[in-house]
Amino acid sequence: MSEEQFSETEQGAGNSARSLEETVRTAMDDAAKKAREAAPRVKESLNRSLQELVYGLAFGTSFAATFTQEMVPETVKDSFSKGSAAGKQAASDARDRVREAMDKRDESDSSAGEVAPA
């Protein structure tokens, strides 16, 4: 390959590299522009979806609670209240027993380390 042919090949490669660089830069600019244009639509769509989701959750919760309250017989409601109160009392009693056991253990641990005077 002559020096002139090599120079032409080098120029062609340089032009190709510049062309590729320009193509990539143009593509990046176009992508950024499209993203800026799409952002408000995406935000609006997400807001609308969130609003519909929250509405559905609120509707479903309120409907189920109201329907259940109206349809459940009074004896079941009373049983639920009594069972809740009994469960709360049982948990409180269990907590008190555990505290007493831990206090006794702490007392026995501290008295075991003491030496009686001679």
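Summarised in this report is the structure supplied together with it. Position numbers for residues count from 1 along each chain, tracking the sequence in the order it is written. Under the rules for a predicted model, residues below a pLDDT of 70 receive no local features and side-chain atom pairs below 80 are neither given nor counted, while totals for whole chains, interfaces and linings still include all residues. Derived side-chain values reflect all non-hydrogen atoms in the structure, with water molecules and hydrogen atoms excluded from consideration.

**Here we look at the overall build of the protein chain**
And step 1. Helix and strand assignments follow DSSP, with helices taken as H or I runs no shorter than four residues and strands as E runs no shorter than two, numbered in order from the N terminus. When its secondary structure is counted, the protein chain shows two helices and zero strands.
And step 2. Taking all 118 residues of the protein chain together, the buried fraction comes to 0%.
And step 3. Note on areas: Shrake-Rupley with a 1.4 Å probe; residue coverage comes only from the protein chains shown. Summing over all exposed atoms, the protein chain offers an accessible surface of approximately 10,700 Å²; the carbon and sulfur share of this is 59%. Exposed residues in this analysis have more than 50% of their type's maximum accessible area, buried residues have under 20%, and partly exposed residues fall in between, with area computed by a 1.4 Å probe over protein chains only.

**Brief notes about the packing of aromatic side chains**
And step 1. Two rings belonging to Phe, Tyr or Trp (six-membered ring only in the last case) form a pair when the distance between their centres is within 6.5 Å. Interplanar angles under 30 degrees mark stacking, angles over 60 mark edge-to-face geometry, and anything in between is tilted. A complete count under the given rule lists three aromatic pairs for this structure.
And step 2. Considering the side-chain rings of F59 and F63, the 6.1 Å spacing of their centres and the 10° angle between planes classify their relative orientation as stacked. Of this pair, F59 and F63 both sit in helix 1 (residues 3-71), separated by four residues, roughly a single helical turn. One exposure class covers both F59 and F63, and it is exposed.
And step 3. Ring centres of F63 and F67 lie 5.9 Å apart, and the angle between their planes is 10°; on these two criteria the pair is classed as stacked. Taken together, the positions of F63 and F67, both in helix 1 and four residues apart, correspond to about one turn of that helix.
And step 4. Taking the relative accessible area as the measure of exposure, F67 reaches 47% and is therefore partly exposed.
And step 5. Members of the aromatic cluster, connected to one another through ring pairs, are Y55, F59, F63 and F67.

**Brief notes about a nonpolar patch on the surface**
And step 1. The patches described consist of residues with a relative accessible area above 30% and no salt bridge, like charges being joined within 9 Å and nonpolar side chains (Val, Leu, Ile, Met, Phe, Trp, Tyr) within 5 Å. Here, a salt bridge means any Lys or Arg side-chain nitrogen found within 4 Å of an Asp or Glu carboxyl oxygen. On the surface, Y55, F59, F63, F67 and M71 cluster together to form a nonpolar patch covering roughly 630 Å² of accessible area.
And step 2. Residue M71 is classed as exposed on the basis of its relative accessible area, which comes to 56%.

**Here's the deal with the pattern of salt bridges**
And step 1. For the structure shown, the criterion picks out four salt bridges.
And step 2. Salt-bridge contacts for R95 lead to D96; the nearest nitrogen and oxygen are separated by 3.3 Å.
And step 3. Judged by its relative accessible area of 31%, D96 is partly exposed.
And step 4. Here D106 and R105 are joined by a salt bridge, their closest N and O atoms 3.4 Å apart.
And step 5. On the accessibility criterion, D106 (41% relative accessible area) is partly exposed.
And step 6. In this structure R105 comes out as partly exposed when scored by relative accessible area, which is 47%.

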